Amino acid sequence: VVTFWPANESVSYETQAAMIKTIELPDQSVMILNASTTASVSDNWEDERKINLKGEAFFEVVKGNPFKVLTEQG
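Attention here is on the structure that accompanies the text. What you see is a predicted model, and the numbers here were worked out from it, not measured in a lab.

Considering the nonpolar core
Okay, step 1: V11, Y13, I23, L25, M31, L33, A39, V41, W45, I51, L53 and A57 form the largest nonpolar core, which has 12 residues in total.
Okay, step 2: Looking at this core, the elements with two or more residues in it are β1 (11–14), β3 (30–33), β4 (38–41) and β5 (49–54).
Okay, step 3: Aside from chain neighbours lying at most four places away, what touches W45 is L25, P26, D27, K50, I51 and F67.

Below, the structure is given as structure tokens:
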């Protein structure tokens, strides 16, 4: 699987009901989105590994800069 990451643009992912999606992030970390979830990956991933998340996701994170997941609950 090849993923193209446009420069200076955030990338968003969304799942529908009863759908699960696996995404490989630019640093080879993996994000698994559960059903009815939206995630937006920061546009400057190399400097700040940050994801805005609405819903539920699981992560396999590789070592590197701090990895932040921002949610409505904190």
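Details of the packing of aromatic side chains
Okay, step 1: This structure, assessed with the given rule, holds 2 aromatic pairs.
Okay, step 2: Considering the side-chain rings of W45 and F67, the 5.8 Å spacing of their centres and the 85 degrees angle between planes classify their relative orientation as edge-to-face. With W45 in the loop between β4 and β5 and F67 in strand β7 (residues 67–70), the pair connects residues that are 22 residues apart, well separated along the chain.
Okay, step 3: Aromatic pair F59 and F67: ring centres 5.5 Å apart, planes at 65 degrees, arrangement edge-to-face.
Okay, step 4: Among the aromatic residues, those joined into a cluster by ring pairs are W45, F59 and F67.

Considering the side chain of S42
Okay, step 1: Tracing the chain through its elements places S42 in the loop between β4 and β5.
Okay, step 2: When sequence neighbours within four positions are dropped, the list of residues in contact with S42 reads S10, E48 and K50.

About the thresholds
- Residues numbered from 1 in each chain as written.
- Predicted model: local features only at pLDDT ≥ 70, side-chain atom pairs only at ≥ 80, totals over all residues.
- Heavy atoms only, no water.
- Core = buried A, V, L, I, M, F, W, Y, C linked by side-chain atoms within 4.5 Å.
- Buried < 20%, exposed > 50% of the residue type's maximum accessible area, 1.4 Å probe, protein only.
- Helix = DSSP H or I, 4+ residues; strand = E, 2+ residues; numbered from the N terminus.
- Contact = heavy atoms within 4.5 Å.
- Phe/Tyr/Trp six-rings, centres within 6.5 Å; stacked < 30°, edge-to-face > 60°.

Any link to function would need more than the numbers given here.
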